[in-house]
Amino acid sequence: MPEGDTVHRAARRVGEALVGRAIVSIETPHPRFARDRWPERLAGRGVRGVDAHGKHLFVRFEGELTLHSHLRMSGAWGVYRRGETWRRAPDRAWLVIRTPDHEVVEFDGPVLELMTESRTRFDRRLTTLGPDLLAESFDERVFLRRLREDDPTRGVGDALLDQRNVAGIGNAWKAEGCFLAAVDPWRALAAVSDEEVLGLVRLLRPLMRESAASGAAKSARVYGRAGLPCPRCGTRIAARGQGDHSRTTYWCPGCQR
Ligand SMILES: [Zn+2]
């Protein structure tokens, strides 16, 4: 599942392919968009910029129109040289933008919408997002305030997945962050100090930013490693569903307190 680092990396690659380039064609092959007339509405408009906030990606066209995408579990952005084979089947493409050199493709949705620039500033799904851990500067004070306004009985691992507290962390990075900071993801927010939770995001941030820059595969220490020995203390790594969506949390019961 794409987390903030993957989405930020996609934004950079999509931006390199589109910003300042001639747009040759825009197609929306998915039947869902048949009546939306995006090709007509976007005709003749260049791309001003491409950016990400947490797991949300924005392609900003001239004339105050912006494409908003969220990949959830299934979606992906692909950037290909013209003629290069796509990594997913063409019938899974929802959007294809062509320049003289590149094809930029969004596969498998599921959130892909064209909105006015002003709506991006008022849409509640976007305005309630917490500070982006991958941004140039991360506002720790806003993060702490949001976290302290959250339910104090909530497990810290679950709270870190809530994009209103901090944007960009997904299930894998959450598990890794809790492990690196030696914090038990099940511990209630009320029992986690500001220093502990700031220490956790300060460990995570450079790793996620490096991943966004390089695209290198993450080397998981606990995520997906249930039953294997902890790399720090040798205890078997545990796994259990946590939170409203029962996302599987991985942690070491031996050294995460
Ligand atoms: Zn351990």
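Basis of the calculations
- Position numbers for residues count from 1 along each chain, tracking the sequence in the order it is written.
- Where totals are concerned, whole chains, interfaces and linings use all residues; where local detail is concerned, this predicted model gives features only for residues with pLDDT of at least 70, and gives and counts side-chain atom pairs only at 80 or more.
- Each side-chain value is derived from all of the structure's non-hydrogen atoms; neither hydrogens nor water enter the calculation.
- Think of it this way: any DSSP run of H or I at least four residues long counts as a helix, any run of E at least two long counts as a strand, and we number them from the N terminus.
- Any two residues whose heavy atoms approach within 4.5 Å are treated as being in contact.
- Whenever two N or O atoms come within 3.5 Å, that pair is a polar contact, provided that in protein one can donate a hydrogen and the other can accept it, and provided that, for residues adjacent in sequence, both atoms are side-chain atoms.
- Note on classification: 1.4 Å probe, protein chains only; a residue is buried when its accessible area is under 20% of the maximum for its type, exposed when over 50%, partly exposed between these limits.
- Any two strands are treated as partners once DSSP identifies two or more bridges connecting them.
- Metal donors: N, O and S atoms at distances within 2.8 Å, or within 3.2 Å for Na, K and Ca, with water omitted from the atom set so that some sites may seem incomplete.
- Think of it this way: with four donors and all angles in the 85 to 135 degree range, the site is tetrahedral; with four or six donors, opposite ones beyond 155 degrees and the rest between 65 and 115, it is square planar or octahedral; otherwise it is irregular.
- Basic side-chain nitrogens of Lys or Arg form a salt bridge, by our definition, when they fall within 4 Å of a carboxyl oxygen of Asp or Glu.
- Stacked, tilted and edge-to-face pairs are distinguished by plane angle, under 30 degrees for stacked and over 60 for edge-to-face with tilted covering the rest, among Phe, Tyr and Trp rings (Trp via its six-membered ring) whose centres lie within 6.5 Å.

Chemist: Give a detailed account of the environment of H53, specifying residues and quantitative values.
Modeler: Mapped onto the fold, H53 is located in strand 2 (residues 47-53). Here the alpha-carbon distance between H53 and L112, two residues 59 residues apart in the chain, equals 15 Å. Those residues in contact with H53 that lie beyond four places of it in its chain are H8, F58, L129, G130, P131, D132 and A167. A polar side-chain atom of H53 sits 2.9 Å from the main-chain carbonyl oxygen of G130.

Chemist: Which residues make up the pairing of strand 6 (residues 93-98), and what values do they have?
Modeler: Across the six residues that make up strand 6, a large majority, six, are buried. Two elements, strand 1 (residues 25-27) and strand 6, share three bridges in a ladder whose sense is antiparallel. Across the sheet, the residue bridging to I26 is I97, located in strand 6. Sheet topology note: the strand 6/strand 7 (residues 102-107) ladder contains five bridges and is antiparallel. In the sheet register, L95 faces strand 7, and the bridge partner there is E106.

Chemist: Mind laying out the coordination of the zinc ion, listing which residues take part and the relevant values?
Modeler: Each donor-metal-donor angle in an ideal tetrahedron of four donors is 109.5 degrees, and each such angle in an ideal octahedron of six donors is either 90 or 180 degrees. Around the zinc ion, the protein supplies C230 (SG), C233 (SG), C252 (SG) and C255 (SG) as donor atoms, at distances of 2.2 to 2.3 Å. Here the zinc ion binds four donor atoms, and the angle range of 99 to 118° at the metal identifies the geometry as tetrahedral. The sequence pattern formed by the donor residues of the zinc ion is C-x2-C-x18-C-x2-C. Within this pair, whereas C233 is found in the loop between helix 8 (194-214) and strand 9 (238-242), its partner C252 is found in the segment after strand 10 (247-251), the two being separated by 19 residues in sequence. Its relative accessible area of 39% is what places C233 among the partly exposed residues.

Chemist: Account for the pattern of salt bridges, with residues named and values stated.
Modeler: For the coordinates displayed, the defined rule picks out 21 salt bridges. Measuring nitrogen to oxygen at the nearest pair gives 2.7 Å for the salt bridge that ties D194 to R148. With D194 in helix 8 and R148 in helix 5 (residues 140-149), this pair connects stretches of sequence that are 46 residues apart. Judged by relative accessible area, which is 36%, R148 ranks as partly exposed. Across the salt bridge formed by R164 and D162, the nearest N and O atoms sit 2.8 Å from each other. Residue classification places D162 among the buried residues on the basis of a relative accessible area of 10%. One salt-bridge network, held together by shared partners, links D150, R154, D158, D162 and R164.

Chemist: Give a description of the packing of aromatic side chains that names residues and reports values.
Modeler: In the structure shown here, the tally under the stated rule is seven aromatic pairs. Judged by centre distance (4.7 Å) and plane angle (40°), the ring pair of F33 and W38 falls under tilted. Relative accessible area serves as the criterion here: at 2%, F33 is assigned to the buried category. On the basis of relative accessible area, W38 is assigned to the buried category, the value being 2%. Each ring, one from Y80 and one from W86, has its centre 6.3 Å from the other, and the planes form 25°; the classification is stacked.

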